[in-house]
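Each chain, written out:
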Protein chains: 2
Amino acid sequence: MLRSHNCGELKSTDINTTVALSGWVQKIRDKGFIIWVDIRDRYGITQLVFDEARTPKKVFDSARNLSREFVIQIKGQVIERESKNNELLTGAIEILVNELNILNPSEIPPFTIEDKTDGGEELRMKYRYLDIRRNTIRDNLIFRHKVTMEVRNYLNNQGFIDIETPYLIKSTPEGARDFIVPSRMNSGQFYALPQSPQTFKQLLMVGGMDRYFQIVKCFRDEDLRADRQPEFTQIDCEMSFVNQEDVLTQFEGLISHLILKIKNYKIDKFPKMTYDEAIKNYGSDKPDIRFGMKFGNITDKAKGKGFNVFDSEEIIVGFSIKKGASISRKEIDKWVDWIKKPQIGAKGLVWVKYNEDHTLKSSVDKFYTENDLIEWAKITKADSGDLIFILSGETKKTLKQLGELRLAIAEKNNLRNPDIFAPLWVTDFPLLEWNEEAKRYHAMHHPFTSPKKEDLGLLKSFPEKVRANAYDLVINGNEIGGGSIRIHDSKLQKEMFNLIGLSNKEAQEQFGFLLGAFKFGAPPHGGIAFGLDRLVTILGGEETIRDFIAFPKNNSGRDIMIDSPSMIEKSQLNELGLDLNKS
Amino acid sequence: MLRSHNCGELKSTDINTTVALSGWVQKIRDKGFIIWVDIRDRYGITQLVFDEARTPKKVFDSARNLSREFVIQIKGQVIERESKNNELLTGAIEILVNELNILNPSEIPPFTIEDKTDGGEELRMKYRYLDIRRNTIRDNLIFRHKVTMEVRNYLNNQGFIDIETPYLIKSTPEGARDFIVPSRMNSGQFYALPQSPQTFKQLLMVGGMDRYFQIVKCFRDEDLRADRQPEFTQIDCEMSFVNQEDVLTQFEGLISHLILKIKNYKIDKFPKMTYDEAIKNYGSDKPDIRFGMKFGNITDKAKGKGFNVFDSEEIIVGFSIKKGASISRKEIDKWVDWIKKPQIGAKGLVWVKYNEDHTLKSSVDKFYTENDLIEWAKITKADSGDLIFILSGETKKTLKQLGELRLAIAEKNNLRNPDIFAPLWVTDFPLLEWNEEAKRYHAMHHPFTSPKKEDLGLLKSFPEKVRANAYDLVINGNEIGGGSIRIHDSKLQKEMFNLIGLSNKEAQEQFGFLLGAFKFGAPPHGGIAFGLDRLVTILGGEETIRDFIAFPKNNSGRDIMIDSPSMIEKSQLNELGLDLNKS
């Protein structure tokens, strides 16, 4: 070993011992007759002293050649530090160096390796290996490691078996786009990378493995939204002989264990909310419930009073902002503009101030009496001192717009506190959703999700009304995981495939192995998958998943450090029986 | 939950309790008035009783419809079993059933779900989900899970951080063939699947992560030898500020911990052997040292005595077989034939019997005196009662042939005992090997392996003589892992790329990110990667890695269960800007 200790562990009890340290030069202070150098590694920072009077001349002169990010090995005596630094683990001591070995010099790095670096994101991604040296990214990666260790040990203790499923699988056009992988040994044929191990984990249940988990990479060749990656990691789980409640209890256990162990934050019981309630009350299927601002539907109270805008709309709905009555007209106008942005797309915003003196003032005073407004206040749970914001329009769209307004205001008012964890189960998702473009139903979760028994009768007549045994785990307004009780009956599975537009022949070609497996004693089963990247980001109290991925790709799916994807040699394509399409 | 207990846990202390069990019908014995049914799940087997006198009629009748592999749920009383079965965990009890619920019927499975099944390998691979129900495969998968949990916890305790590296990386023509992945968003460009996370783990070291591990899938689009898979799993590790001895000590710790924890088998210290010694003494760079039969070189003693065959050859080498003198001439002739097989390719085999009565008899008595033969016996460590086998020819080829003969004889004589674990470090591998076809050097491990300091002077003049800081871990004649101390110097790395035929431009294009990283303070580092599939197979005392992989591919790289790889739709290729090459 090129060290006897790491750079984060020497204490006053080590004084007078001889040590060897290795690490990077973090900082140099050259006072002429004395040079202080901070040496850094993953574990911490230790202060080195080169003293003209006490350090061998050759070593002292060599220290003068050091520069930021040089990798060095030193030997020396641990001595007491005159001005102790209590913020540093090693702040009680320093090392009087008598041997210095430059293991590798460094060019001046393109940005500073400091908590507050001067490097922009693109630059830091290009030199990711330098960015990882920064405390933030290093700590994030270690945090992620701790989370996965906890997950594995918890699930292992609960009898779950970690089983690897294949990465080279089969392309199925349903859902998002697959990455495909040409096979050289089977010319003209292709594997696909898994969007999830869904069918394989179900086959493991058919195989009697009973409880499965895997922390596994998944792949989607999709246009990337701001904070998505073409490859992402799932905590993938499946159980046999369970109903929905069993799955929720099991994984509520996992997540509260994690939050307790990692964040020392205790949560007793996760609340549950149906999809319909979530949409109705929060305008989102992943409501952030760290704060109130629950919607109140005032359609009945606001319609038919001569205000044309409201009279012609499907829904009129609002929420109240605590202590919002003091918000200035100027600021309210900003929200009116905000809601009209094309990304939100509302036509206008009605507001009601419920003043501290119990008077009411609104943007629609012309049409409504104070009593009307008091009715609205009751429904939106507004008290004196509060402000009510109201939107109207087509139901689905309006609820969504109001949901986004709610989040934006919460953000502005610092109600989205990253130190609070508010998990929530959202249940009873619709089984199908209509895709206007394709003119057919899509599976809202995936086509292996089972419909609720009591809704089975609607499958043919009103497919869109059928609720699924599907659930999402939401934390602080982020979808952290989702799952379902699966179909385990071959006939029902076929029916489901038909509903989403697969002919029997297509279903057989793509999923014949699953339909076949269901004929040999498939047990009732269900499971869940958590997005690990997002989970660790939320637990870490951060927002950008890229900060918790060692080597992330950018928004075009490029790894700009290794410059990939890239052209390949013609001979490689030839071997695969492929040509670039010139058209 | 559809059960109160699993099928492996009820004991006599549970007698008289009411329970619910779920599982598969393993066996039915219908005695007319009484029906016994064995119900099976991952945890065990429990005997159910349907008794005409005590079971509700409807339930009893329903039991008559059961068949193998039906999935059922039952409720009933735990009662004492008349004839106890001590071999069964639940052998003291049975369940008197009063409620039966058929959760899913089953067609007759294509092979029996028994330890000794009647299904051939192809059939079992097609219905892998049924094969997994068998004790063997189920236990293998659970065993693999236990091994990986131990590995993770051990390495975590040693300060290693589990860090995920990307799967969508960049194609580099060096070494084995990459699987490539066309990018839809970057038309005409390709990712590649990693053959190993080698460069990324090195960048993590440059990033100061100090100790990294990952259990990770790797990919090679190669013609598959008998027991290889296009996707395989590595335990991948890397450390900073270490020399070779540090790495060996660290991972000797891991492997002996595993063997102790998992197999309750204690190993004190792993022996070490240089590559040259291994080849010279065992004709293999992965010698099985569970038994002797070390080679003796008799070239000096056997040449120049008038035996033409020997006189003209480069090397004459043999080994002795304990108590082999009793082997019949007929059997010896079989070995003579064996060694001439095209796969082995030797021209002939010379034998010497050192009889119990101290007389000597050989196939070359015409040319050698008894004293000559006694000399040979000394060198090959043969005593009276033993047999000596001798090959001659070109050195490298002959040693290899003799190595294979040694293994075949050990196999035949049951010396390759799967209950013994004999690990061995093989060190000092050559840095390069000459590739006759490509007329250039290849890196023997990979081009990031560092040459031994003392051999640096030979790099230009005699590249093939340069030894590397490279090592393999061998257990029982299988290469379980390999690694090296890496190059961390940009200039030396460039030199290495040049040696294996990459121009500076090519090196920059393919590995520019690594060469760049080495300029910003790369620490000395090294590591190792273990083949998990092989490791668990060896630890499990088995031979076929497929038996330890949940969903393996066959020798043509096909998953015959899901029928992959397969054709994809023309539209998918179009989107990727690709055409099938018609030529």
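It should be emphasised that the depicted structure is a prediction, and the values quoted were computed from it without experimental measurement.

Reading guide: rules and limits
Residues numbered from 1 in each chain as written. Chains lettered and ligands numbered in written order. Predicted model: local features only at pLDDT ≥ 70, side-chain atom pairs only at ≥ 80, totals over all residues. Heavy atoms only, no water. Least-squares fit on C-alpha atoms with pLDDT ≥ 70 in both. Contact = heavy atoms within 4.5 Å. Domains from an automatic or database assignment. Salt bridge = Lys/Arg side-chain N within 4 Å of Asp/Glu carboxyl O. Helix = DSSP H or I, 4+ residues; strand = E, 2+ residues; numbered from the N terminus. Buried < 20%, exposed > 50% of the residue type's maximum accessible area, 1.4 Å probe, protein only. 1 Å grid on protein atoms, 1.4 Å probe; cavity = no way out; pocket = protein on both sides within 12 Å on 5 of 7 lines; lining within 4 Å. Points joined across faces, edges and corners; volume = space filled by probe spheres on them. Nonpolar A, V, L, I, M, F, W, Y, C, P; charged D, E, K, R; others polar. Buried area = accessible area lost by both parts, 1.4 Å probe. Polar contact = N/O pair within 3.5 Å; in protein donor to acceptor, adjacent residues only side chain to side chain. Pairing = 2+ DSSP bridges. Axes fitted to C-alpha atoms, helices over the stretch in contact; angles between N-to-C directions. pLDDT = per-residue confidence, 0-100. Phe/Tyr/Trp six-rings, centres within 6.5 Å; stacked < 30°, edge-to-face > 60°.

A. Layout of the relation of the copies chain B and chain A. The transform that puts chain B on chain A rotates by 180° and translates by 0.0 Å along the axis, for an RMSD of 0.1 Å. Given the turn and translation reported, the copies of this chain are related as if by a two-fold rotation axis. Taken as a fraction of all interface residues of chain B, those also at the interface in chain A reach 100%, which identifies the copy contact as same-surface.

B. Local environment of the domain arrangement of chain A. Segmenting chain A into domains produces domain 1 (12-104), domain 2 (138-272 + 423-549) and domain 3 (291-412). The C-alpha centroid of domain 2 of chain A is placed 52 Å from the C-alpha centroid of domain 1 of chain A.

C. Summary view of the pattern of salt bridges. All names here are of chain A. For the coordinates displayed, the defined rule picks out 90 salt bridges over all chains. The residue Asp 30 makes a salt bridge to Arg 64 at a minimum N-O spacing of 3.0 Å. With Asp 30 in strand 1 (residues 18-30) and Arg 64 in the loop between helix 1 (57-63) and strand 4 (71-80), the pair connects residues that are 34 residues apart, well separated along the chain. Assessed through its relative accessible area of 41%, Asp 30 is described here as partly exposed. One salt bridge in this structure joins Arg 467 and Glu 454, with 3.8 Å as the shortest N-O distance. With Arg 467 in the loop between helix 13 (458-461) and strand 20 (470-475) and Glu 454 in the loop between strand 19 (440-443) and helix 13, this residue pair connects regions lying 13 residues apart in the sequence. Classification of Arg 467 as partly exposed rests on a relative accessible area of 27%.

D. Layout of empty space enclosed by the protein. Within the structure shown, the criterion is met by 11 cavities of 30 Å³ or more. Within the lining of the largest cavity, the residues separate by chemical class into 8 nonpolar, 8 polar and 10 charged.

E. Focus on the interface of chain B and chain A. With 125 residues of chain B at the contact, the number on the chain A side is 125 residues. Here chain B meets chain A over a buried area of about 11000 Å², counting both sides, of which 59% is carbon and sulfur. For the chain B face of the interface with chain A, the top three residues by lost area are Glu 164, Phe 241 and Phe 520 of chain B, together amounting to 8%. For the pair chain B and chain A, the number of links is 8 salt bridges. The partner of Glu 164 of chain B in a salt bridge is Arg 144 of chain A, and the shortest N-O contact between them spans 2.7 Å. Summed over the shared surface of chain B and chain A, the number is 72 residue pairs in polar contact (both at pLDDT 80 or more).

F. Representation of the sheet that holds strand 13 (residues 315-321) of chain B within the structure. Residue and element names in this part refer to chain B. Strand order across the open sheet formed by 5 strands is 12-13-16-14-15, with antiparallel pairing between neighbours. Each end of this open sheet is capped by a strand with a single partner; those strands are strand 12 (296-297) and strand 15 (360-362). Across 3 bridges, the pairing between strand 14 (residues 350-354) and strand 15 is antiparallel. When the bridges of strand 15 are listed, Lys 353 appears paired with Lys 361. Along the sheet, helix 10 (residues 329-340) makes contact with strand 14 and strand 16 (386-393), crossing strand 16 at roughly 25°. Of the strands in this sheet, strand 12, strand 14, strand 15 and strand 16 are in contact with helix 11 (residues 370-379), which crosses strand 15 at around 90°.

G. Region of interest: the confidence of the model for chain A. Per-residue pLDDT for chain A averages 95, and the proportion of residues at 70 or more is 99%. Among the prediction metrics, the complex's ipTM stands at 0.95, with pTM recorded as 0.96.

H. Here's a closer look at the sheet that holds strand 9 (residues 211-219) of chain A. Residues and elements named next belong to chain A. Read across the open sheet, the 8 strands follow the order 6-9-10-22-21-20-17-11; overall the sheet is mixed. Only two strands of the sheet have a single partner each, and these edge strands are strand 6 (161-162) and strand 11 (272-274). Against the sheet, helix 4 (residues 135-157) contacts strand 6, strand 9 and strand 10 (231-240), and its axis sits at roughly 150° relative to strand 9.

I. The packing of aromatic side chains, seen in detail. Residue and element names in this part refer to chain A. Following the criterion strictly, the structure yields 53 aromatic pairs over all chains and no others. Between Phe 310 and Trp 376, the ring centres sit 6.2 Å apart and the planes meet at 50°, which makes this aromatic pair tilted. With Phe 310 in helix 9 (residues 308-311) and Trp 376 in helix 11 (residues 370-379), the pair connects residues that are 66 residues apart, well separated along the chain. According to the relative accessible area criterion, Trp 376 is buried, its value standing at 0%.

J. Local environment of the environment of Leu 415 of chain B. Residues and elements named next belong to chain B. Mapped onto the fold, Leu 415 is located in the loop between helix 12 (395-412) and strand 17 (423-427). Distance from Leu 415 to Phe 291, taken between C-alpha atoms, is 6.4 Å for residues 124 residues apart in sequence. Apart from the residues lying within four places of it in its own chain, the contact partners of Leu 415 are Arg 290, Phe 291, Met 293 and Ala 410.

K. Spatial organisation of unusual backbone geometry. That bond from Ser 564 of chain A to Pro 565 of chain A is cis: its omega, 0°, falls within 30 degrees of zero. By the element assignment, Pro 565 of chain A lies in the loop between helix 16 (532-539) and helix 17 (570-575). The backbone phi angle of Asn 264 of chain B is positive, close to 55°, even though this residue is not glycine. Its location among the elements puts Asn 264 of chain B in the loop between helix 6 (244-263) and strand 11 (272-274).

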